[in-house]
Amino acid sequence: MTDTATRASPLAEHQLDLADADATNQLAARLAGSRPPRAVVYLEGELGAGKSTLARALLRSLGVVGTIRSPTYTLVERYPLPAGGEAWHMDLYRIGDPGELEFLGLDGDDVVLWLVEWPERGVGGLPAADLRVQLTMKGDGRHARLAAGTVAGRTWLDTLSATKGAPANS
């Protein structure tokens, strides 16, 4: 996994090449280990880009055991976290209008982590992203662009870059 950081805007951005599933799992573990107490993550990319794979690996890294189901048909899967609170993994691909989010009961006070696939389909009905993860295909692997959307997201990325095993920023 190669990692570079740029500071072209007031908020942090990191770009990483993920050569294989192990690299994706390592990124998820790093994100889990540096996660703020509450966070909203938008997972962006085409079908097959690895959004659900990264979400599952992140949930595993946070201690979720048992089956981690895809929210493709249920739209929202809720997971209690061992450290407290819930993580919600959402897939909004099937949402036709952001107003449909009202029917999903997304007002949980116990939610400490939102993982939202296809967030552009829920514009106006979702909390702002602390972190945007854009995944694209790159050869046999993936390319990840992590961009902070809030001050909390910038702190998360700064902490991520300082975690053990993290390549130096450039």
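In what follows, the structure referred to is the one given above.
Read on for an overview of the structure.

Here we look at the overall build of the protein chain
On a plain count of helices and strands, the protein chain comes out with three helices and eight strands. Starting at the N terminus, the α and β elements of the protein chain follow one another as β-β-α-β-α-β-β-β-β-β-α. Across the 170 residues in the protein chain, those meeting the buried criterion constitute 46%. The long-range fraction of contacts in the protein chain, counting pairs at least 24 apart against all pairs at least 6 apart in sequence, stands at 62%. Total accessible area computed for the protein chain in this model is approximately 8,300 Å², and 53% of it derives from carbon and sulfur atoms.

Some details on the pairing of strand β4 (residues 76–80)
The pairing of β4 with strand β5 (residues 86–91) spans five bridges and is classified as antiparallel. In the sheet register, R78 faces β5, and the bridge partner there is W88.

Some remarks on the packing of aromatic side chains
Applying the stated criterion across every chain yields a total of two aromatic pairs. A ring pair is formed by W88 and W114, whose centres lie 5.3 Å apart and whose planes are at 55°; its orientation type is tilted. With W88 in strand β5 and W114 in strand β6 (residues 111–117), this pair connects stretches of sequence that are 26 residues apart. Neither W88 nor W114 differs from the other in exposure class; each is buried.

A word on the environment of T53
Within the secondary structure, T53 is located in helix α2 (residues 51–61). Classification of T53 as partly exposed rests on a relative accessible area of 44%.

Rules and cut-offs
Residues numbered from 1 in each chain as written. Predicted model: local features only at pLDDT ≥ 70, side-chain atom pairs only at ≥ 80, totals over all residues. Heavy atoms only, no water. Helix = DSSP H or I, 4+ residues; strand = E, 2+ residues; numbered from the N terminus. Buried < 20%, exposed > 50% of the residue type's maximum accessible area, 1.4 Å probe, protein only. Contact = heavy atoms within 4.5 Å. Areas by Shrake-Rupley, 256 points an atom, 1.4 Å probe, with all protein chains shown as cover. Pairing = 2+ DSSP bridges. Phe/Tyr/Trp six-rings, centres within 6.5 Å; stacked < 30°, edge-to-face > 60°.

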